[in-house]
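Each chain, letter by letter, is given below.
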Amino acid sequence: MDETVEQPILEVVDVLHKYGSVTALDHVSLQAKRGEFLTILGSSGSGKTTMLRVISGLEQPTQVGKLAIGGVDVRGKPPSKRNCTTVFQNYALFPHMSVAENVAYGLKVRNVPREDARKQAMQALAMVQLESKSERRIAQLSGGERQRVALARAAVTRPAILLLDEPLGALDERLRIDMQSELVEIQRALGMTFVYITHSQEEALTMSDRVVLMSHGRIEQSGRPVDLFDRPATLFAAGFMGYENILPGRLTGRQGDQATVELAGGITVRGVASEALGAVGTQAALAVRAERMALLATADGDAGRDGANVLAGTLRKQIYHGKYTDQTVDTAAGTIRLRRWDRVPSAEQVGAVAWQPEDCIVLPA
Amino acid sequence: MAISEHTHLTSTTTPQDRGEWSYWSGWKPLGKWGGLLMLFCIYFPLAWLALMSISERPLSGIPLPFSLQHYRALFADTKWVEPFGASILIALLVGIVSATVATLVGRALPRTRNPGGLLLLFLLPLFVPGMSLGAALFIFARSVLELKLGFWSIFIGHFVWAFPFSLLIILVLTTRFDNRLIEAASDLGASSWRSFWDIEFPLLMPGIIGAGLFGFLLSFNEVLRTIFLRGTEKTMPVWNWIMAASQQSQVPIIFALATIVLLVTLPLLAGMFWLVFARLDKS
C-alpha cells in the first residue's frame, strides 16, 4: 500500500451532485493510482455515469471538495481543459469523418502538425488492429470496430486518465469476452490509468485492479475484485455480487474475524465476520454462494464434526442447465439454493446441506 | 325456410357488395393516367413557353418559323436589367440571411422548454394570407420602422415570408442532431467554437444550403407582398407582371425572359431537392 507515498492521479473528494431534487452523487470521494485499472460498478441509477461525467467535466457538480487530475485542480474547468478523455457508451464517433480523421481529431485540435498527427493516429489504430480500415467511413464499420476506433481516438492524445463508460455494453457476448482481455492488455501496454464504468460484475472482476461498488449515489464498498467477491461488506454488496443465499439471523458471538449466528429454526452456524458488524445480539445475515454448498445424505455425519455448518433439509427442486445443475433445498432456516458443476447422480438421497465457515460471511442486516 | 334463405343471401353477398368498388381493377390505371395527365399539365405549358419564345409570332400560337428575334430584342432592351438585378440581389440576401438566422434559431429551438409551441408561432406566417401580411408589413415598415419603401422593405417582407421554410429545413437536421458528438469533441479537447465548426456545421451543412436555396427561390418568385412594400422599386416578377398587364407588344420579350428565369431556377430547385432528400436521408 504505497498510496500514501505516491500522489494519486485522480483525486475526488466529497462530490455532491443533484439533478433538481434528485441526488445523483451523495458526498462521494474517490482516488485512483497512476496506472490503475479502476472499475466503478453499479446498476443503472447508482450514480456511476454521473461520477464519470463529473470527472470528465461534461457535468459540473453541485458541490465538490477537491477534484484533481494528475495533481492539477480541474474544478470548474471545461472538458477540453482536462487531461482525460472518454470512450462513450454509444462511441459518439463523428459520422462525417473517416476512421483516421476521427482518431486524429484530438491531435488536430491540439495543433499537432498534420504529418505527426497522421502517424500517431495510425499507431493508435495499429494498437486496436484497425490500420487497414483507416480510410473507411464510420457507417461501414461493425459495432466491435466502432468500439475500437472510439478507444483509439480517446487514447491517441495520451491522457493521464482514460474514462470508459460501459464500452462493451453494446457488443455481443463473444466479442465482449475478447475485448475484456484486449482492453486489459492495452491498458498494461500504455501504462495509462483507466476508470471503467460497468454494471457487469463479471467485467469488473475480470479486468480491474480495484472495484468501487456504487448504489444510490454512494460508495457501498471498494476493494480488490477478490474482496468484493468473497468478502462483501454489506447486504447490498452481497446481493449485487451474486450471493444466492442470504439467510436472516441474530448475532450470538464474535471472536476476531469469526462470528456465530443463530438462524431461523434455532440452528447456530459460524462464518467470517464483516467489519461493519454490530454488537452481539443484533440482527445479522449470513451470505453463502450456491456453488460453495454441498449436499449430505444425513445431518449427523462426519461433516459437522469437522467444523462445517450443517442444515437439515429436503431436496425440493433440481434444474439441469447443461454445464451445471441448480438445486433447491428446504431447511428450517429458509430455502437454500445450490449450484453443482460436477455430474449429479440422478437419484440422490438428500438429508442436509453443508458448507465451510470460511465460505460464508456474516453481515449486518 | 325463408329466413334461412335470407340469411344465406346476405351472408354471401353483403361483404362483396360493400367492398366491390374498392376492388375495382380500374383504380390503378386511373391513378397512372391521371398522374400522367397532371405531369402533362405542369410541363407542357412550360415547354410551350420555351418553344414560343423562339418562335417568330408567339401570340399566334403557331411555333414555326423559329427565330431568336425576341431574345435579341430582350438583350437590346435594358429596362428589365434593373429589376432583374434587384431581384437577384434581394433573393441572395434573403437566402443568406434566412439560412443564417434559421441555423441559429434551429439550433436553439429544440433545447427550449416548449419547442412545439414556439415552432407553431414561427410557422404561422405560412398560413397568413400574403395580402394580409403584405399590408401589415407595409404599415410596420412605414410607420414603425419609418423606412422609405423600396429595397429594404421588400427584403424584410421576403425574409419574413421565407424564414419559416428555412427554419423547417434546418429543424429536420437539428432535431435529429446527436449532441453527444459535441460532448465527444469537447472531451477530446475542442473549444465550443471549434466543435461547432468541425462537427456541428458540416453535419448541418445540407440543411443550411437547403434553407438558403429555399429563401432565394421564395424571394425571387414573390409578388404579392412585394406589391405592398416596393414603393417605386421594381423586382423581376413585378416588372414582368406590369409589362404583361399593360403593353401587348412587350409580351414576346417576356416569354424570352420567363424562359431564361425558368432555366435558372429549375436546376437550382432540382439541386435543392437532391440535397434535402437524397443527401439528408443518407446522413
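Keep in mind that this is a model prediction, so the values were computed, not measured.

Student: It is not clear to me how the overall build of chain B should be interpreted in this structure. Could you clarify?
Tutor: If you tally the helices and strands in chain B, you get 12 helices and 0 strands. Counting from the amino terminus, helix and strand elements in chain B follow one another as α-α-α-α-α-α-α-α-α-α-α-α. For chain B, with 283 residues in total, the buried portion stands at 31%. Sequence-distant contacts, at least 24 apart, represent 76% of the contacts inside chain B between residues at least 6 apart.

Student: Any chance you could explain the UniProt feature "transmembrane region" (unreviewed entry) in chain B here in plain terms?
Tutor: All names here are of chain B. Taken from the UniProt record, the annotation "transmembrane region" (unreviewed entry) applies to residues 33–54, 84–106, 118–140, 152–173, 201–220 and 253–277. Helix makes up 100% of residues 84–106 and strand 0%, whereas the separation of the span's terminal C-alpha atoms amounts to 31 Å. From the first C-alpha to the last, residues 118–140 spans 22 Å; its make-up is 74% helix and 0% strand.

Student: What am I meant to see in the domain arrangement of chain B here?
Tutor: Think of interface size as the accessible area that goes away when the parts come together; that is how it is often given. All names here are of chain B. Under the domain assignment used here, chain B contains domain 1 (18–71) and domain 2 (73–282). Here the C-alpha centre of domain 2 lies 30 Å away from the C-alpha centre of domain 1. Between domain 1 and domain 2, the residue contacts involve 10 residues of the former and 11 residues of the latter. Among the elements of the structure, α2 (27–53) and α3 (69–76) are those that each provide at least two residues to the side of domain 1 that touches domain 2. Counting residues per element, the side of domain 1 that touches domain 2 draws most heavily on α2, which supplies 5 residues.

Student: How should the sheet that holds strand β10 (residues 218–223) of chain A be read in this particular structure?
Tutor: For sheets, the rule is that strands pair by backbone hydrogen bonds, running either parallel or antiparallel. All names here are of chain A. Pairing within the open sheet is mixed, and its 6 strands lie in the order β6-β7-β8-β3-β9-β10. Looking at strand neighbours, the two that pair on one side only are β6 (84–87) and β10, the edges of this open sheet. Across the sheet, the axes of successive neighbouring strands diverge by a mean angle of 20 degrees, strand direction being ignored. Where strand β3 (residues 37–41) meets strand β9 (residues 210–215), 4 bridges bridge the pair, whose relative direction is parallel. Pairing of L41 across the sheet is with L213, part of β9.

Student: For this particular structure, what's the right way to read the interface of chain B and chain A?
Tutor: Facing the 15 residues of chain B at the interface are 18 residues of chain A. Element by element, the count of residues in the side of chain B that touches chain A is highest for helix α8 (residues 180–187) of chain B, at 6 residues. Class assignment for the residues of the side of chain B that touches chain A results in 7 nonpolar, 4 polar and 4 charged.

Student: What am I meant to see in the UniProt feature "domain: ABC transporter" (unreviewed entry) in chain A here?
Tutor: Cross-referencing UniProt, the feature "domain: ABC transporter" (unreviewed entry) maps to residues 10–241 of chain A in the present numbering. Between the C-alpha atoms that bound residues 10–241 of chain A there is a distance of 26 Å. The span itself is 36% helix and 27% strand.

Student: How should I be thinking about the sheet that holds strand β5 (residues 72–73) of chain A in this particular structure?
Tutor: All names here are of chain A. Strands sit in the order β2-β1-β4-β5 across an open sheet of 4 strands; the sheet is antiparallel. Each edge of the open sheet carries a strand with a single partner, namely β2 (22–32) and β5. Sheet topology note: the strand β1 (residues 10–19)/strand β4 (residues 63–69) ladder contains 6 bridges and is antiparallel. Bridge pairing in β4 places V13 opposite K66.

Student: Please explain the pairing of β4 of chain A as it appears in this structure.
Tutor: All names here are of chain A. Relative to β5, β4 runs antiparallel, the two being bridged by 2 bridges. What sits directly across from A68, in β5, is D73. Between β4 and the antiparallel strand that follows it, β5, lie 2 residues; G70 among them carries a positive phi value of about 60 degrees.

Student: Looking at this model, I keep getting lost on the confidence of the model for chain A. Mind explaining?
Tutor: Caution applies to low-pLDDT regions: their predicted coordinates should not be interpreted in detail. Looking at chain A, the pLDDT average stands at 89 and 96% of residues meet or exceed 70. Across chain A, β3 of chain A holds the top mean pLDDT of 95, while helix α9 (residues 302–305) of chain A sits lowest at 64.

Student: Is there a simple way to think about the nonpolar core in this case?
Tutor: For soluble globular proteins, the rule of thumb is that nonpolar side chains tend to be buried together. With 107 residues, the main nonpolar core has V103, A152, V195, L286 and V362 of chain A as its most contacted residues. Other than its neighbours up to four places away in sequence, A152 of chain A contacts V103, A124, L125, M127, V128 and L130 of chain A. Ranked by size, the runner-up nonpolar core spans 32 residues in total, among them W161, L173, L204 and F216 of chain B.

Parameters at a glance
Residues numbered from 1 in each chain as written. Chains lettered and ligands numbered in written order. Predicted model: local features only at pLDDT ≥ 70, side-chain atom pairs only at ≥ 80, totals over all residues. Helix = DSSP H or I, 4+ residues; strand = E, 2+ residues; numbered from the N terminus. Buried ≥ 20, exposed ≤ 12 C-beta atoms within 10 Å, placed from the backbone. Contact = placed C-beta atoms within 7 Å. UniProt positions renumbered as here; feature names shortened; annotations may be inferred. Domains from an automatic or database assignment. Pairing = 2+ DSSP bridges. Axes fitted to C-alpha atoms, helices over the stretch in contact; angles between N-to-C directions. Nonpolar A, V, L, I, M, F, W, Y, C, P; charged D, E, K, R; others polar. pLDDT = per-residue confidence, 0-100. Core = buried A, V, L, I, M, F, W, Y, C linked by C-beta atoms within 7 Å.

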